[in-house]
Amino acid sequence: MKRLLKMLFFVVLIAFVLIQFYPKSNNNISTTSSGNEIEKIHAVPNEVMNILKTSCYDCHSNNTFYPWYANLQPVSMWLSNHVEEGKDELNFSEFGSYSLRRQYKKLKEMDEQITEDEMPLESYTLIHKKASLDKDQKELISGWVRALRDSFKTNYPEDSLKRKNK
């Protein structure tokens, strides 16, 4: 039995070492602006922007700051996948490239997920304590999102913001 455990340990160790050679695909920090960043196309108060950068941008922008352990596989694969899924759902760096309808919808979803404590993810805030949102921060973001959505309603025709029911 001891021999089997020892052999299993070496197999796992060798697999761990070999997987380190698997290429890492990180969401590198962008040094250039695309002009589509949310703060370039909408007025984002500094307080709200600071909260978004602290609590959201690692997964929902082109600017992810990776911890040291992100260089280890399989953690790197998991984080890369997680960030890609987050960016596919909402990317603050590309927000201006979204249609008005999509921007309007994403703002609504953002408000819902924050007020219902679905975002930021608990698995993220467990390690990144500063990313946790308190009641005041949630209300601040929610108020900004609702005001921005109201400005959409005022400035754009309703059919450009909502999909028609068939």
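Use the structure listed above.
Residues numbered from 1 in each chain as written. Predicted model: local features only at pLDDT ≥ 70, side-chain atom pairs only at ≥ 80, totals over all residues. Heavy atoms only, no water.

## Some remarks on helix H5 (residues 75–89)
Argument step 1. Between its first and last C-alpha, H5 extends 21 Å over 15 residues, near the 21 Å set by a 1.5 Å rise per residue.
Argument step 2. Turning to H5, its buried residues number three or more, namely Ser76, Leu79, Ser80, His82, Val83, Gly86 and Lys87. Taken down its axis, H5 places every buried residue within 165° of arc, on the same side. In H5, those exposed residues whose orientation departs by more than 90 degrees from the buried face are Trp78, Glu85 and Asp88.
Argument step 3. Against helix H4 (57–60) lie the buried residues of H5. (Helix = DSSP H or I, 4+ residues; strand = E, 2+ residues; numbered from the N terminus. Expected span 1.5 Å × (residues − 1). Buried < 20%, exposed > 50% of the residue type's maximum accessible area, 1.4 Å probe, protein only. Arc of directions from axis to C-beta. Contact = heavy atoms within 4.5 Å.)

## Some points on unusual backbone geometry
Argument step 1. Between Met119 and Pro120 the backbone carries a cis peptide bond, its omega angle lying at -10°.
Argument step 2. The residue Pro120 is located in the loop between helix H6 (100–115) and helix H7 (122–125) in this model.
Argument step 3. For Asp117, which is not glycine, the phi torsion reads 60° and is therefore positive.
Argument step 4. Positionally, Asp117 belongs in the loop between H6 and H7.
Argument step 5. What makes Asp117 exposed here is its relative accessible area of 53%.

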